[in-house]
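Okay, here's what each chain looks like letter by letter:
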Amino acid sequence: MQWIIFMLLLFISSMEMLTQNRWKKQVSAGMLENCTGCILCSEDNGCITCHHRLFLLIWRDGIRQYGMCVHTCPPGYFGVRGLEVNRCTKCRSPSCESCFSRDFCMKCKDKFYLYKGQCFRQCPPSTVAQPGTRECQEMCEPGPWSEWSACTHESRTCGCKWGVETRVREVPEAAREEGAACPAQQESRRCRMKKHCPGEKNEPRNKSKKRQKKPKTERHVGT
């Protein structure tokens, strides 16, 4: 009788263990669907530890925090490699699409312009917006204007009524190297020239013919 009871208890215990093993396998299979690339995975929080070459991306869904292993971090995040785990860290600025570090942006979202690692809706003073690159480019400050050049027309400095004179200003070497947007470096204006060149004989404007006077003839009356 005791032998029968012992065998019955052993059978019940074996069935319970079999049921638990089946449940664990089902849970593990469900976890593996959301734990691609994970070394350690949680049913409630997803990936906890990733393979060496992958980044751990953690985001919040309400009050729940969930992890995923990715090859590259999504927009708005940047990758930080560590000794134990590589993480995707979120950029501090919400207008930043790609950043080098938490506070240094490399590319801004639409309708924003990049300037010195920050995103601006409007470019700061002394800068100009570049729509093609979505960046704010600094305006250079050129040197003072030179004196006006001689008034010339087709390389001549005289003999014409009107000519053109120009002046220029230099751009600092640093501004050239940085590719700053510079204002006009040359100006021209109309000028009045000397109509007659030195050494030319001035012809009289009105040529008048001198009238020659006829000699008067005296009449002698004979006596």
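All right, on to the overall build of the protein then. Across its full length, the protein carries two helices and 14 strands. The buried share of the protein, reckoned over its 223 residues, is 22%. In the structure as shown, the protein presents an accessible area of about 18,900 Å², 54% of it carried by carbon and sulfur atoms.

What follows covers unusual backbone geometry. Even without being glycine, Arg134 reaches a positive phi, approximately 60°. Among the secondary structure elements, Arg134 is positioned in the loop between strand S11 (127-130) and strand S12 (135-138). Phi at Ser155 is positive, roughly 70°, even though this residue is not glycine. Here Ser155 shows up in the loop between S12 and strand S13 (162-168).

Take the nonpolar core next. The nonpolar side chains of soluble globular proteins are, as a tendency, buried together. Among the nonpolar cores identified, the biggest contains nine residues, and these are Phe78, Cys91, Cys96, Cys99, Cys105, Cys108, Phe112, Leu114 and Cys119. Of all the elements in the fold, those that place two or more residues in this core are strand S7 (96-101) and strand S8 (104-108). Other than its neighbours up to four places away in sequence, Cys91 contacts Gly76, Tyr77, Cys96, Ser98, Cys99 and Arg102. If you look at the next biggest cluster of nonpolar residues, it comprises eight residues, including Cys35, Cys38, Cys47 and Cys69.

In this structure the tally under the stated criterion is one aromatic pair. The residue whose ring lies beneath Arg134 is Tyr113, and the NZ or CZ to ring-centre distance is 4.3 Å. Above the face of the Trp148 ring, Arg189 is positioned so that its terminal group lies 3.9 Å from the ring centre.

Moving on, we come to a nonpolar patch on the surface. A cluster of nonpolar side chains, Ile39, Leu40 and Ile48, forms an exposed patch at the surface whose accessible area comes to about 280 Å². Position of Ile48 relative to the elements: it lies in strand S2 (residues 46-50). Under the relative-accessibility criterion, Ile48 is labelled partly exposed at 40%.

The next thing to look at is the pairing of strand S3 (residues 55-61). Sheet topology places S3 next to strand S4 (residues 64-70); seven bridges connect them, and they run antiparallel. Residue pairing across strands places Phe55 opposite Val70, the latter belonging to S4.

The rules behind the values
Residues numbered from 1 in each chain as written. Predicted model: local features only at pLDDT ≥ 70, side-chain atom pairs only at ≥ 80, totals over all residues. Heavy atoms only, no water. Helix = DSSP H or I, 4+ residues; strand = E, 2+ residues; numbered from the N terminus. Buried < 20%, exposed > 50% of the residue type's maximum accessible area, 1.4 Å probe, protein only. Areas by Shrake-Rupley, 256 points an atom, 1.4 Å probe, with all protein chains shown as cover. Core = buried A, V, L, I, M, F, W, Y, C linked by side-chain atoms within 4.5 Å. Contact = heavy atoms within 4.5 Å. Phe/Tyr/Trp six-rings, centres within 6.5 Å; stacked < 30°, edge-to-face > 60°. Lys NZ or Arg CZ within 6 Å of the ring centre and 35° of its normal. Patch = residues over 30% accessible without salt bridge, like charges linked within 9 Å, V, L, I, M, F, W, Y side chains within 5 Å. Salt bridge = Lys/Arg side-chain N within 4 Å of Asp/Glu carboxyl O. Pairing = 2+ DSSP bridges.

The values are spatial; any link to function lies outside them.
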